[in-house]
Amino acid sequence: MAVLRVLQKYRNEYLASIAATLSLFMVVTTTGWASPALAKLTAEDSPIPITPTQGSWFVALESVGAFLGPLLAAYCADRIGRKWTLMATFAPVTVGWILVGTGDSFGYLYASRTLFGLSYGIAYSTVSVYLNEVASDSVRGSIGTLNSILGRLGHLTIYGVGPYLEFRTMAWVFLVAPFVFVGCFVWMPDTPYFHLGRNNNSKAESSLRWLRREKEVSKELAVMQASLDFSKSQTGSFRELFSAPYRKQMSILIILITAAELSGISVVRSYAQKIFENIAIDLKPEEMSILLGVVQLLTALVPMFLVERMGRRPLLLISTVGTCIGTLLCALYFAFDANGESKALGYVAFIAFLLIFITYGLGLSSISLSILGEIFPKHLRAYSNATFIMMGAILTFSVTRLFQVMVDSVGTYLPFAMYTVCQAINTVLIYFNVLETKGKSFGEIQRMFDAARKEKSEKGEVKGEC
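Residues numbered from 1 in each chain as written. Predicted model: local features only at pLDDT ≥ 70, side-chain atom pairs only at ≥ 80, totals over all residues. Heavy atoms only, no water.

A. A look at the packing of helix α18 (residues 265-276) against helix α23 (residues 378-409). Two elements in contact, α18 and α23, have axes separated by 9 Å at closest approach and are oriented at 30°. Here α18 is positioned roughly parallel relative to α23, judged by the angle of their axes. Here α18 contributes Ser266, Val267, Tyr271 and Ile275 to the contact with α23, which in turn contributes Thr396, Val399, Thr400, Phe403 and Gln404. Among the residues forming the contact of α18 with α23, the class breakdown is 5 nonpolar, 4 polar and no charged. (Axes fitted to C-alpha atoms, helices over the stretch in contact; angles between N-to-C directions. Helix = DSSP H or I, 4+ residues; strand = E, 2+ residues; numbered from the N terminus. Parallel < 35°, antiparallel > 145°, perpendicular 65-115°, else oblique. Contact = heavy atoms within 4.5 Å. Nonpolar A, V, L, I, M, F, W, Y, C, P; charged D, E, K, R; others polar.)

B. View of the packing of aromatic side chains. What the rule picks out here adds up to 18 aromatic pairs. Plain terms: the ring middles of Tyr130 and Phe185 are 5.3 Å apart, the flat faces sit at 75° to each other, and that makes the pair edge-to-face. Here the residue Tyr130 occupies a position in helix α8 (residues 106-134), and Phe185 occupies one in helix α12 (residues 176-185), the gap between them amounting to 55 residues. Both residues of the pair, Tyr130 and Phe185, count as buried. Ring geometry for Phe403 and Phe416: centres 6.4 Å apart, planes at 90°, overall edge-to-face. Taken as a pair, Phe403 in helix α23 and Phe416 in helix α24 (residues 413-433) lie far apart in primary sequence, 13 residues in all. Residue classification places Phe403 among the buried residues on the basis of a relative accessible area of 3%. These aromatic residues form a ring-pair network of at least three members: Trp33, Phe58, Trp97, Phe116, Phe167 and Phe174. Against the face of Tyr75 rests Arg79, its NZ or CZ located 4.0 Å from the ring centre. Its end group placed over the ring of Phe58, Arg113 keeps NZ or CZ at 5.1 Å from the ring centre. (Phe/Tyr/Trp six-rings, centres within 6.5 Å; stacked < 30°, edge-to-face > 60°. Buried < 20%, exposed > 50% of the residue type's maximum accessible area, 1.4 Å probe, protein only. Lys NZ or Arg CZ within 6 Å of the ring centre and 35° of its normal.)

C. Spatial organisation of helix α14 (residues 201-212). Compared with the 16 Å implied by 1.5 Å per residue over 12 residues, the 16 Å span of α14 between its first and last C-alpha is a close match. Of the residues making up α14, those classed as buried are Ala204, Ser207, Leu208, Leu211 and Arg212. Along the axis of α14, the buried positions cluster into a sector of 115°, meaning they face one direction only. Within two residues after α14, Arg213 carries a phi angle of roughly 60°, on the positive side. (Expected span 1.5 Å × (residues − 1). Arc of directions from axis to C-beta.)

As structure tokens, then:
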């Protein structure tokens with residue numbers, strides 16, 4: 001009943017947020033498409049035959065577009081608004097699917113993957129800003145988890161449908177997604193913060209009234225305006241993002257993106273069906289992929305109910321420890337049963353993959369972008385999100401491109417062993433560096449960082465005197 005009361009009270013905020021995160025469903029289907037597509041492209045009856053090397057480029061090239069997307073998003077978000085920046089992702093996804101449906105060489109596939117990455121980078125660097133600016137403080141954490149839920153729903157859909165469709169048919173089926181997103185989101189308002197930033201107080205008030213379902217919003221508008229006035233006194237830029245006052249926040253950003261990408265999640269998503277071909281259990285590779293998608297979606301729902309009870313930091317720690325254990329078990333499996341001959345060990349390996357996805361969904365996937373929207377002031381949010389996605393793109397490109405190289409040179413166990421070591425280190429870094437933001441307003445969070453910075457400065461002065 002308590003959940004229903006919350007949903008009823010904040011109904012419009014959830015509606016706007018769900019409509020916005022349909023963009024993530026749209027772009028994640030393009031990312032997850034690599035798994036069923038790669039299996040079809042490397043098969044004997046491939047519609048466009050490719051070599052393993054071309055396949056690794058096919059997987060990695062999306063990261064090139066994902067690197068460029070946040071740059072466009074950072075430029076557009078404060079000029080045309082969060083809403084229309086998200087709406088713009090419709091174009092590259094639509095063109096990309098048309099290229100897949102009509103192309104007859106791997107050049108078309110490379111172009112489509114790059115366009116898909118561009119839309120992915122724009123969507124992920126913009127949607128968290130939109131969610132944080134439309135959500136009330138009391139539900140900001142749970143609304144932030146919609147990032148993960150819609151993303152996991154996208155993976156489940158492509159894993160569940162993709163393996164059973166002909167290669168080009170997949171393109172025409174998933175071309176529906178961008179039209180669904182635009183049809184739902186076009187009716188939603190832009191954020192009050194954006195309208196205030198453009199000195200359009202009447203639109204800001206109208207947006208906030210609809211979101212809060214209240215006629216009297218002058219007090220909250222005044223708080224927003226004060227926050228905005230403070231932000232205007234400081235011009236946002238990538239240079240400022242890396243300046244001394246935001247060093248602590250940037251260290252958290254780097255830790256979070258490193259923990260997310262070096263968990264091996266991008267490799268498993270992109271090569272799922274190819275990896276599962278080497279696991280000896282009674283399920284087919286495509287069936288294992290579907291089960292993985294179901295587990296991802298169910299796990300993504302959990303943080304919505306836990307994040308405001310347990311907090312962000314505990315869930316992140318559970319996430320890194322769980323992915324560390326999962327990648328360790330995978331490394332051991334591929335080291336001792338590289339040919340996939342033991343069913344007993346095969347089930348252990350598959351359970352390990354499930355553990356990776358379950359624990360990744362509990363924290364690293366669902367909470368990281370939400371935290372970034374909380375720890376940076378408004379004038380730097382677009383830049384921090386862009387930096388997060390760009391760093392993620394570089395790491396994803398490196399991880400997915402080198403995976404096939406390491407598998408061919410040494411064995412599948414090597415990359416998973418490396419992910420294990422990385423996650424052990426990231427667990428320690430999160431424990432000592434990430435601050436808890438549960439239940440705090442943006443102003444309280446900024447004061448918390450100011451206090452931490454002042455305390456560190458004072459300690460440095462004491463050491464200097466000694």
